[in-house]
Amino acid sequence: MSEATIGVQMAALASFSEGFEGEVVLPGSAGYDAARIVWNGMIDGRPAVVARCAGVEDVIRAIRFGQEQELTIAVRSGGHSVGGFSTCDDGIVIDLSLMRGVEVDAERRTAQVNGGALLGELDGAAQAVGLACPVGVVGHTGVAGLTLGGGMGRLQRRFGLTIDNLLSVDLVTADGERLHVSETEHPDLFWGMRGAGPNFGIVTAFEFRLHEVGPDVVQGAIAFPASRAHEVANRFRDYLDSAPDEATLTFAFVRATEEPPFPPGLAGQTVVNVGATHSGSPEDAVEVLRPLRDADPLFDTFALRPYLDVQAEADEDMAWGKRFAMKGGFLSALSSGFVEIALEQAAEAPGDECWVGLWAQGGAISRVPDDAMAFTGREAAFWLGVEAAWGDPSKDDAHREWGRVTMDALTPFTSAGHYVNDMMETGEDVARGVYGDAKYDRLVGLKRTYDPDNVFRLNQNIRP
């Protein structure tokens with residue numbers, strides 16, 4: 001343990017370690033570097049302690065130890081926090097990665113998911129009985145982090161966000177109390193957990209509603225040259241007006257590469273990519289997607305694929321160790337002005353793995369009242385993401401600056417709110433911008449009740 005933190009309190013550490021059933025990892029130990037790394041290669045946190053919990057009692061002990069030693073507490077499930085909030089310097093990381101496991105009740109169509117489980121585990125267990133929970137698009141993401149911030153994914157227009165399918169959570173609060181939280185038990189806290197959950201405690205288990213999906217879905221993409229961007233945007237807007245909920249759609253400005261499916265001679269050029277996942281009847285999908293596909297695209301990759309394969313297709317592209325930065329927001333409409341600026345900024349990107357992307361909302365997302373939970377942004381037509389991935393640390397400044405400039409240029413087209421899982425910034429102004437004043441004030445009230453000493457002060461930074 002580093003002298004700069006709690007080196008003089010080795011007796012306390014020894015006592016903590018003696019009663020801890022999981023693994024306590026310290027600086028200088030053989031497993032420290034493996035235990036401290038997180039998904040985003042830009043983040044290089046060096047905690048004083050990594051407490052890899054084996055169960056709920058370990059979580060309680062770790063929270064109490066962190067408070068006793070006045071350590072910053074970070075909570076890690078899958079380690080995918082874009083801003084690195086699942087680690088810290090000179091504090092304690094309460095790591096749930098040993099607490100995995102998913103149990104599916106096929107008859108009730110529910111899943112019990114432990115706090116350290118990954119999306120791929122939930123997908124696999126649910127699909128084994130023909131079911132699915134709407135979750136994100138990278139299998140090695142933690143269920144906990146994705147869910148507590150909202151949970152966007154390929155089934156969102158049909159079945160809503162992950163939080164729309166959350167039935168209950170088991171929570172350990174800042175004072176070590178164990179709570180079962182649902183619509184009927186601590187309902188006000190359940191309101192806050194769905195969209196601002198990391199602020200109030202550590203979730204050790206989730207219960208989700210499941211739906212019939214698969215085993216196959218129709219999924220793929222088409223692309224068009226930049227010269228056709230406005231035409232394609234018009235077609236996309238018209239299509240969305242009558243698109244069924246079974247179709248979740250994306251619209252992105254990307255740079256073509258030399259790799260398939262891009263045709264030869266296109267590398268380095270900006271293209272417009274339109275993607276879709278149709279989770280309903282494959283026969284229906286053919287006709288449903290025809291208006292998009294009958295437009296002479298550069299390529300067409302739509303095919304019938306196993307849902308589990310689709311859910312895992314981004315895992316390698318979003319592999320651990322890449323450096324990653326993003327900005328985000330919500331968009332009320334796909335206007336010609338937005339298209340023009342997005343094209344310009346995509347052309348200025350410093351690398352091939354930079355893109356401006358939209359996910360269509362509507363459908364089941366928009367049928368949940370905005371005040372039903374802390375999450376804000378349902379009424380927008382699209383989620384907007386400005387994302388950049390790269391490998392060379394010397395290119396950090398160029399990629400981050402591109403993201404900042406691009407988002408600044410697109411901000412005039414955005415509507416209220418932010419998707420908190422995108423956020424790399426903290427602070428009261430940031431949190432108010434995410435939730436709006438009314439929700440923020442309500443969340444502050446919950447924080448004062450369940451975490452008055454601001455023990456869980458990372459993430460969205462709701463302050464008591």
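These notes cover the structure that comes with them.

1. Some points on the overall build of the chain
Looking only at helices and strands, the chain features 13 helices and 20 strands. In summary, the chain has a C-alpha radius of gyration of 22 Å against a globular reference of 23 Å for 464 residues, a match within 12%. When its C-alpha atoms are laid out on the principal axes, the chain stretches across 70 × 55 × 40 Å. Put simply, the chain has 464 residues, and 56% of those count as buried. Taking as baseline every contact in the chain between residues at least 6 positions apart, the subset at least 24 positions apart corresponds to 73%. For the chain, the computed accessible surface area is about 18200 Å², with 48% contributed by carbon and sulfur atoms. Of the side-chain charges in the chain, 37 are positive and 68 negative, and the distance between the mean point of each set is 2 Å.

2. Observations regarding helix H13 (residues 428–450)
Here H13 spans only 18 Å end to end across 23 residues, well under the 33 Å set by a 1.5 Å rise per residue. Residue Gly-436 marks the point of greatest curvature in H13, where the axis turns by about 110°. Taken together, the buried positions of H13 are occupied by Ala-431, Val-434, Tyr-435, Lys-439, Tyr-440, Leu-443, Val-444, Leu-446, Lys-447 and Tyr-450.

3. Some thoughts on the sheet that holds strand E3 (residues 73–76)
Through backbone hydrogen bonds, the strands of a sheet pair up, either in parallel or in antiparallel fashion. If you trace the four strands from one edge of the open sheet to the other, you get E1-E2-E4-E3, paired in mixed fashion. Lying at the two open borders of the sheet, with one neighbouring strand each, are strand E1 (23–25) and E3. In this sheet, neighbouring strand axes are inclined to one another by 20° on average, regardless of whether the strands run parallel or antiparallel. Those strands touched by helix H3 (residues 56–68) are strand E2 (49–52), E3 and strand E4 (92–95), and its axis lies near 175° from that of E4.

Conventions adopted
Residues numbered from 1 in each chain as written. Predicted model: local features only at pLDDT ≥ 70, side-chain atom pairs only at ≥ 80, totals over all residues. Heavy atoms only, no water. Helix = DSSP H or I, 4+ residues; strand = E, 2+ residues; numbered from the N terminus. Rg over C-alpha atoms; globule rule 2.2 N^0.38 Å. Buried < 20%, exposed > 50% of the residue type's maximum accessible area, 1.4 Å probe, protein only. Contact = heavy atoms within 4.5 Å. Areas by Shrake-Rupley, 256 points an atom, 1.4 Å probe, with all protein chains shown as cover. Lys, Arg positive; Asp, Glu negative; His and termini not counted. Charge placed at Lys NZ, Arg CZ, Asp CG, Glu CD. Expected span 1.5 Å × (residues − 1). Bend = angle between axes of the 7 residues up to and from the residue. Pairing = 2+ DSSP bridges. Axes fitted to C-alpha atoms, helices over the stretch in contact; angles between N-to-C directions.

Keep in mind these numbers describe shape, not what the thing actually does.
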